[in-house]
Amino acid sequence: MTKNVFDDPRITAVGLLVEAHAGLSTRFATQYEENGLSAVEFEVLTRLARSPGNQLRMTDLAAQTSLSTSGVTRVVDRMERDGLLCRRACPSDRRSSYAVVTRSGLDRLNETLPGHLKIIEQWFTGQLEPQELEALLHALRKVRDAVHPGAIAGSQAADTGSEETADSEHSVVRSGRRR
């Protein structure tokens, strides 16, 4: 009997990843909305808050998010109008600018994080044994680095080679610092 091509474990792996992401995204979206943020705004605030000086060049922010450079510009414009972040000129390159989290942006992120971490623990990391989580993080980093090599552009991890700084999902922002 011939094996059904649709039973291929590669298809199963991608299908499970997509299903897990969709389920988590639905839970996150409700929680973000309760805190007055969209998923993209939360992603931008988190990326900036986890970066050195709470800032990234706009091009690096685009590389780290699911947005194009023009998409980042539109989101940053909106978030700047809302007081969540501001732009700062790059001192070494007049063509570049940084997106920087404001105090208001950090406050909003700190209000959102407890519920976000609760969802992560309940529906994701809490489902795994510590060694399973460690193996999953290792595997996800390998895949991320292959398919999205710019994902840590401009981060402290890119500067130092440290995965932990850019990838520590349990960082809590306190006065603009990771903990």
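Some points on the overall build of the chain
A count of helical and extended segments in the chain gives eight helices and three strands. Reading the helices (α) and strands (β) of the chain from amino to carboxyl end gives α-α-β-α-α-β-β-α-α-α-α. The buried share of the chain, reckoned over its 179 residues, is 36%. For the chain, restricting intrachain contacts to residue pairs at least 6 apart in sequence, the fraction spanning at least 24 positions comes to 57%.

Re the packing of helix α1 (residues 9-34) against helix α5 (residues 103-123)
Where α1 contacts α5, the axes come no closer than 10 Å and their chain directions differ by 160 degrees. Our classification of the angle between α1 and α5 gives roughly antiparallel. Here the hand of the crossing between α1 and α5 comes out right-handed. Residues Leu24, Arg27, Phe28, Gln31 and Tyr32 of α1 form the contact with α5, whose participating residues are Thr112, Gly115, His116, Ile119, Ile120 and Trp123. Among the residues forming the contact of α1 with α5, the class breakdown is six nonpolar, four polar and one charged.

Overview of unusual backbone geometry
Phi at asparagine 54 takes a positive value of approximately 55 degrees, unusual for a residue other than glycine. Tracing the backbone shows asparagine 54 in the loop between α2 (39-49) and β1 (55-57). Residue class for asparagine 54 comes out buried when judged on its relative accessible area of 11%.

Points about the confidence of the model for the chain
Parts of the prediction with low pLDDT should not have their coordinates interpreted in detail. Per-chain confidence: the chain averages 85 in pLDDT, with 83% of residues scoring 70 or above. Confidence, expressed as mean pLDDT per element, reaches its minimum in the chain at helix α8 (residues 163-167) with 42 and its maximum at α5 with 96. The low-confidence segment residues 159-179 (pLDDT under 50) makes 48 contacts with residues lying over four places distant or belonging to another chain.

A word on the sheet that holds β1
The pairing of strands in a sheet comes from backbone hydrogen bonds and takes either a parallel or an antiparallel form. Taken in spatial order, the three strands make up an open sheet running β1-β3-β2, and their pairing is antiparallel. Each having just a single partner strand, β1 and β2 (85-89) make up the two edges of the open sheet. Ignoring strand direction, the axes of neighbouring strands in this sheet form an average angle of 25 degrees. Both β1 and strand β3 (residues 97-101) contribute to a ladder of three bridges, which runs antiparallel. Residue pairing in the sheet places arginine 57 in a bridge with tyrosine 98 of β3. Contacts from α2 reach β1, β2 and β3 within the one sheet, and its direction differs from that of β3 by about 100 degrees.

As for the nonpolar core
The tendency in soluble globular proteins is for nonpolar side chains to be buried as a group. Grouped together as the largest cluster of nonpolar side chains are 28 residues, with contacts concentrated most on Val44, Leu45, Leu48, Leu61, Val72, Val76 and Met79. The set of elements that each furnish at least two residues to this core consists of α1, α2, α3 (58-64), α4 (69-81), β3 and α5. Looking at which element gives the most residues to this core, the answer is α5, with six residues. Not counting residues up to four positions away in its chain, the partners in contact with valine 44 are Leu61, Thr65, Leu67, Val75, Met79 and Leu85.

So, the packing of α2 against α5
Relative orientation of the contacting elements α2 and α5 amounts to 105 degrees, with a least axis distance of 10 Å. As summarised for this structure, α2 and α5 are arranged roughly perpendicular, according to the angle between their axes. Note on element contacts: α5 touches α2 through Gly105, Leu106, Leu109, Thr112, Leu113 and His116, opposite Phe42, Leu45, Thr46 and Ala49. For the contact of α2 with α5, a count of residues per class yields six nonpolar, four polar and no charged.

Conventions and cut-offs
- Residues numbered from 1 in each chain as written.
- Predicted model: local features only at pLDDT ≥ 70, side-chain atom pairs only at ≥ 80, totals over all residues.
- Heavy atoms only, no water.
- Helix = DSSP H or I, 4+ residues; strand = E, 2+ residues; numbered from the N terminus.
- Buried < 20%, exposed > 50% of the residue type's maximum accessible area, 1.4 Å probe, protein only.
- Contact = heavy atoms within 4.5 Å.
- Axes fitted to C-alpha atoms, helices over the stretch in contact; angles between N-to-C directions.
- Parallel < 35°, antiparallel > 145°, perpendicular 65-115°, else oblique.
- Left-handed = near helix turned anticlockwise from the far one by under 90°.
- Nonpolar A, V, L, I, M, F, W, Y, C, P; charged D, E, K, R; others polar.
- pLDDT = per-residue confidence, 0-100.
- Pairing = 2+ DSSP bridges.
- Core = buried A, V, L, I, M, F, W, Y, C linked by side-chain atoms within 4.5 Å.

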